[in-house]
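Letter by letter, the chains look like this.
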Amino acid sequence: MSDTESNIGIAAEGRAKIADGLAHVLADTYSLYLKTHNFHWNVTGPMFNSLHAMFMTQYNELWLATDEIAERIRALGHFAPGGYSAFAKLTSIKEAPEQPPEAMEMVKQLAEGNEAVARTARKIFSTVEDAGDEVSVDLLVGRMQYHEKTAWMLRSTLG
């Protein structure tokens, strides 16, 4: 999966493990982006305006995060996955149902999705730390902070 040898002070084996872990984080992030954008388009009900705006803020942040994660994989000397079939093999996020659910079910599913991304990021944290990859540590800390806070905000909306 490597396209060039990188000499950034992290052994090739460590870079490969980190890139693989980040590929899962990328797939989860992109899959959650798609689901959030879908729910933004399809939300209805009395909370339409606030949820529509909240989902837009969230999918915009997720979109930007996909680029940051993919570029870190590239900086490690590996190719980032980028197709739906590749993401489908790597993600832990369930697809949005064909029939859009009720608004509060959307909120629940997005809270669960954010928790899932935080868990995926947490799974590779010790690998990243052990390799001495402070840049990826920083990226993962930021992703976990975002997803944990977003899950809390979404769950708070549920009451």
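Check the entry above for the structure.
This is a predicted model, so every value here is computed, not measured. (Residues numbered from 1 in each chain as written. Predicted model: local features only at pLDDT ≥ 70, side-chain atom pairs only at ≥ 80, totals over all residues. Heavy atoms only, no water.)

### Observations regarding the pattern of salt bridges
1) Next: Scanning the entire structure with this criterion turns up six salt bridges.
2) Next: The salt bridge involving Arg155 is made with Glu115; its shortest N-O contact spans 2.8 Å. Residue Arg155 is found in helix 6 (residues 134-158), and its partner Glu115 is found in helix 4 (residues 103-123); the two are separated by 40 residues along the sequence.
3) Next: Residue classification places Arg155 among the partly exposed positions, given a relative accessible area of 32%. (Salt bridge = Lys/Arg side-chain N within 4 Å of Asp/Glu carboxyl O. Helix = DSSP H or I, 4+ residues; strand = E, 2+ residues; numbered from the N terminus. Buried < 20%, exposed > 50% of the residue type's maximum accessible area, 1.4 Å probe, protein only.)

### Considerations on a negative patch on the surface
1) Next: The grouping of Asp67, Glu68, Glu71 and Asp138 at the surface amounts to a negative patch.
2) Next: Residue contributions to the negative patch peak at three residues, all from helix 2 (residues 48-75).
3) Next: Examined against the element boundaries, Asp138 turns out to sit in helix 6. (Patch = residues over 30% accessible without salt bridge, like charges linked within 9 Å, V, L, I, M, F, W, Y side chains within 5 Å. Areas by Shrake-Rupley, 256 points an atom, 1.4 Å probe, with all protein chains shown as cover. Lys, Arg positive; Asp, Glu negative; His and termini not counted. Charge placed at Lys NZ, Arg CZ, Asp CG, Glu CD.)

### Some words on the packing of helix 1 (residues 12-42) against helix 2
1) Next: Axis separation between helix 1 and helix 2 bottoms out at 8 Å; the angle between their running directions is 160°. Our classification of the angle between helix 1 and helix 2 gives roughly antiparallel. Considering how the two elements wind past one another, helix 1 and helix 2 form a crossing that is left-handed.
2) Next: Tallied by class, residues from the contact of helix 1 with helix 2 come to 18 nonpolar, seven polar and one charged. (Axes fitted to C-alpha atoms, helices over the stretch in contact; angles between N-to-C directions. Parallel < 35°, antiparallel > 145°, perpendicular 65-115°, else oblique. Left-handed = near helix turned anticlockwise from the far one by under 90°. Nonpolar A, V, L, I, M, F, W, Y, C, P; charged D, E, K, R; others polar.)

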